[in-house]
Amino acid sequence: MVKVATTKLDRTRVARTALDLLNETGLEGLTLRAIAQRLDVKAPALYWHFKDKQALLDEMATEMMRRMGEEFLSAPDADWRVALTAAMRGMREHLLRHRDGAKVFSGTHYTDLSYAAPMEAHLRVLAEAGFAPGAAARAWFTAYSYTIGYVIEEQASSTGPGSGDGGDGGDGGYDLVARAERLAAYPLAAAAGEELFRAHDRGFEEGLAAVVAGIGATLATPGPAASG
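Every value quoted in this text rests on a predicted model; they were computed, and no experiment measured them. (Residues numbered from 1 in each chain as written. Predicted model: local features only at pLDDT ≥ 70, side-chain atom pairs only at ≥ 80, totals over all residues. Heavy atoms only, no water.)

A. Structural context of the UniProt feature "DNA-binding region" (unreviewed entry) in the protein. Under the feature "DNA-binding region" (unreviewed entry), the UniProt entry names residues 31–50. For residues 31–50, the end-to-end C-alpha separation is 12 Å, with 65% helix and 0% strand making up the annotated structure. (UniProt positions renumbered as here; feature names shortened; annotations may be inferred. Helix = DSSP H or I, 4+ residues; strand = E, 2+ residues; numbered from the N terminus.)

B. A look at unusual backbone geometry. Backbone geometry places Asp40, a non-glycine residue, at a positive phi of 60°. Turning to its location among the elements, Asp40 is positioned in the loop between α2 (32–39) and α3 (43–47). Of note in this structure, Asp100 is not a glycine but carries a positive phi near 60°. The topology assignment puts Asp100 in the loop between α5 (80–95) and α6 (101–105).

C. Examining the packing of aromatic side chains more closely. Throughout the structure, instances matching the rule amount to eight aromatic pairs. Linked through ring pairs, Phe105, Tyr110, Tyr115, Phe141 and Tyr144 together constitute an aromatic cluster. (Phe/Tyr/Trp six-rings, centres within 6.5 Å; stacked < 30°, edge-to-face > 60°.)

D. How the structure looks around the environment of Tyr146. Topologically, Tyr146 is positioned in helix α8 (residues 133–157). Residue class for Tyr146 comes out buried when judged on its relative accessible area of 18%. The spatial distance from the C-alpha of Tyr146 to the C-alpha of Phe204 is 9.2 Å, given a sequence separation of 58 residues. Excluding anything up to four places from it in sequence, Tyr146 contacts Gly203, Phe204, Gly207, Leu208 and Val211. (Buried < 20%, exposed > 50% of the residue type's maximum accessible area, 1.4 Å probe, protein only. Contact = heavy atoms within 4.5 Å.)

E. Here's a closer look at α5. An ideal rise of 1.5 Å per residue puts 22 Å on 16 residues; α5 measures up with 22 Å between its terminal C-alpha atoms. All of the buried residues in α5 are Trp80, Ala83, Leu84, Thr85, Ala87, Met88, Gly90, Met91, Arg92, His94 and Leu95. Looking at the buried positions of α5, the neighbouring elements they touch are α4 (53–73), α6, α7 (116–128), α8 and α11 (200–218). Between the side-chain oxygen at the start of α5 and the backbone nitrogen of Arg81 there is a gap of 2.9 Å, and the oxygen is on Asp79. (Expected span 1.5 Å × (residues − 1). Polar contact = N/O pair within 3.5 Å; in protein donor to acceptor, adjacent residues only side chain to side chain.)

Encoded structure:
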């Protein structure tokens, strides 16, 4: 009898399958049962590796971080502004590959140390630029939090790959005409819709530039005062 080769079922394989399935189901529809069906195994086989959905999300976020480390996080530019900007751009691009990707990534706990080397490299760039250790950590976390939050909102209001369910508002997935009608008595709030729910790429870049400028103004160690 010929034996059919099988791929070993492990945590990484399950997480990769879950990330593939995420674009079809979204976060709310992603279940261990659905993943088991995709892997052609019984659901109890997955509980051997993951006690619950949160444990699965932790592994999915870790797999995403592994990929980020391999793709763009491992060798930051020596200029901290360039390095931080590039890292956040890359993170956004990666999160947008997956429907609800930012929600999956946010609030999870890594299951291994794959994040440590990239984080160390970026903190070292900041430290070598004169940031105190605490300020370097705060700088990284501030830019990181901006990026995660931006993409959560972007995916919630957009249509297409990597987005939420979207709506009938065209390229932004949000009906701005209806919104403006509801806010007719509040013209500034109504007009803000174009900035909040359209042109996400431009909006992200402008916000990121503001974050990086703010980090430089408030967290960077001042140089010696210029003599007059």
